[in-house]
Amino acid sequence: MTTETTTVRVLLVDDVSASRETLRRALAFDRHIEVVGEAGSGPEAVEKAEKLRPDLVLMDVRMPDGDGVDATRHIVNRFPQIRVIALTAHDDVDTVRDMLTAGATGYALKGASVDELLTAVHKGRRGEAHIDERVLPSAVHELRRLLREERQRRTEVERLARIRQEFVQVLSHELRTPLTVMSGALRFLIRRGLTGEEEPLVASALQRGIELERMIEGLELIGESQHDDGASASPCDAIEAATVRIGGQPDSVECEPGLWPRVRDRHLTRIAYELIDNAMRHGRRPVEVRTWAAEGLAHLQVSDGGDADLRPELFEAFSAGDMSATRTRGGLGLGLFVAQRLCEADNGRLTIRRERGRTLAEVVYEVPA
C-alpha cells in the first residue's frame, strides 16, 4: 500500500456505471484518494475535468459516445497539470500507443489488484510513468520499433544533408568560374573606355554579376553543416567586416565586446552585412546598430527611420511570375532570406518589426550564460 500523505483528487471515466462503482470502492481503500466526480463518455470527461479540475483522471479507452483517446488529448492540452491514467481491458499495441501518444501518464488494465490500482494513481499524480506488467512487453516492442524507425530517418536525413552540401559546393564552384571570367571582361571594358550608351549597360551587367556572386556565397554558407557547438563569433568584428564590404557607415554603432558561443563567425558577418546593407539602401537614416548580451540571449539589432511594409507574409517563400519578371509575391528579398536561414542554422531567430516609428531588424541567439 502507498505511504502518500497528500490527497489525490480523482475523476472516474467509464461508460459502464457498474465499472465506475467498482473503481470507486477500490479507491476507497486509500484515505488519501478522493473521487471528486464521474463521467460516462469522452465529451463528459472533458467537461467534468474543466469544472472539477481533478489531479488525475482514470480514463476508459473505448466508449461508444466519444473515446478516451480524444478526451485524453483534449484534457492534457487544455489542462497540463491534470494527469491521465488509461484504464481498460484492451492490451493491444495500438491502444497503448494511442493513449500514451495522446498524453496519458500511465496505462493500467482492468482486473488489476487494488494495490496495483492505488500505486498507479499515486505514481500518476507524481507524473511518474506507470505501465501494467501485462502491457509492458508490447509497449517495449513498440518502443523498439519506433527507435529503429527514428534511427533510419536520422540516417536518411544525414545522407540527404550531405548530398545537399555536396550539390551546393559543386554548383557554386561551377558558377564561380564563368562569373569571374565575365566580371573580369566587363571590368576590362570599363577600363578601356565605353561610349555613353555602352557604359550604363556594362555597369548594370557588372552589378548583376556582383549580386550573383553574393547569392552564391550565401548559398554556400547555408549549405554548410548545421550546428557547430565549438564555434564562436565576435559581433564587433562582424559589424566592422560588414561595413567595410558595404563601403559605408551606419549613423551609430553600439557594440558590446565579447564572443557569442555557438554562433559561426562567417554567418554572423553575413547577417550583419545583409541587415545593415538593407537598412542603408532601402530604409531611411539614421541607421543605428546595437549588439548586447543578457540573460542567456545575444542580440544584434539594426534600425532605421524607414516605414517598411511588414505584411504577414513577410517570412513566406517568394516567387516570380516568369523568367522576365521580378518576384510578384512573398516575403523577404534574397539577402534577408539568406540572413534568416543563417540565423536558423545557429539556432537563432530573425524578426523585423515596427517600433516607435522605426523599422527594427533583430537577430537573437540563445547563448550560454
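Residues numbered from 1 in each chain as written. Predicted model: local features only at pLDDT ≥ 70, side-chain atom pairs only at ≥ 80, totals over all residues. Heavy atoms only, no water.

## Thoughts on the nonpolar core
By size, the foremost hydrophobic cluster in this structure holds 31 residues, and its most contacted members are W260, L268, I271, L275, L300, V363 and Y365. With seven residues, the single largest contributor to this core is helix α9 (residues 265-282). (Core = buried A, V, L, I, M, F, W, Y, C linked by side-chain atoms within 4.5 Å. Buried < 20%, exposed > 50% of the residue type's maximum accessible area, 1.4 Å probe, protein only. Helix = DSSP H or I, 4+ residues; strand = E, 2+ residues; numbered from the N terminus.)

## A short note on the packing of helix α7 (residues 198-222) against α9
Angle between the axes and distance between the axes: these two values describe a pair of packed helices. At a closest axis distance of 11 Å, the pairing of α7 and α9 adopts a crossing angle of 140°. In terms of orientation, α7 and α9 fall into the oblique class. Of the two elements, α7 crosses α9, and the hand of that crossing is left-handed. Of the residues in α9, those in contact with R214, M215, E217, G218 and L221 of α7 are R266, H267, R270, Y273, E274, D277 and R281. (Axes fitted to C-alpha atoms, helices over the stretch in contact; angles between N-to-C directions. Parallel < 35°, antiparallel > 145°, perpendicular 65-115°, else oblique. Left-handed = near helix turned anticlockwise from the far one by under 90°. Contact = heavy atoms within 4.5 Å.)

## Notes on the pairing of strand β10 (residues 288-294)
By the bridge criterion, four bridges tie strand β8 (residues 252-255) to β10 in an arrangement that is parallel. Bridge pairing in β10 places C255 opposite T291. Both β10 and strand β11 (residues 297-304) contribute to a ladder of seven bridges, which runs antiparallel. Across the sheet, residue T291 finds its bridge partner in β11, namely L300. Taking the residues between adjacent antiparallel strands as the criterion, β10 and β11 are bridged by two residues, where E295 takes a positive phi near 55°. (Pairing = 2+ DSSP bridges.)

## Here's the deal with the sheet that holds β10
Spatial strand order, β8-β10-β11-β15-β14: five strands in an open sheet with mixed pairing. Taken across any chain shown, the strands that pair with only one partner, and hence form the sheet edges, are β8 and β14 (348-355). If you compare each strand with its neighbour and ignore which way they point, the axes differ by 15° on average. Sitting on the sheet, α9 is in contact with β10, β11, β14 and β15 (358-366), with an inclination near 25° to β11.

## Looking at the sheet that holds strand β2 (residues 33-39)
As summarised here, the arrangement of the six strands in space is β2-β1-β3-β4-β5-β6, forming an open sheet in which the pairing is parallel. Every interior strand has two partners, whereas the edge strands, β2 and β6 (130-131), have only one. In terms of strand pairing, strand β5 (residues 106-109) meets β6 through two bridges, oriented parallel. Paired with G106 across the bridge in β6 is H130. Contacts from helix α2 (residues 42-52) reach β1 (8-13), β2 and β3 (56-59) within the one sheet, and its direction differs from that of β2 by about 135°.

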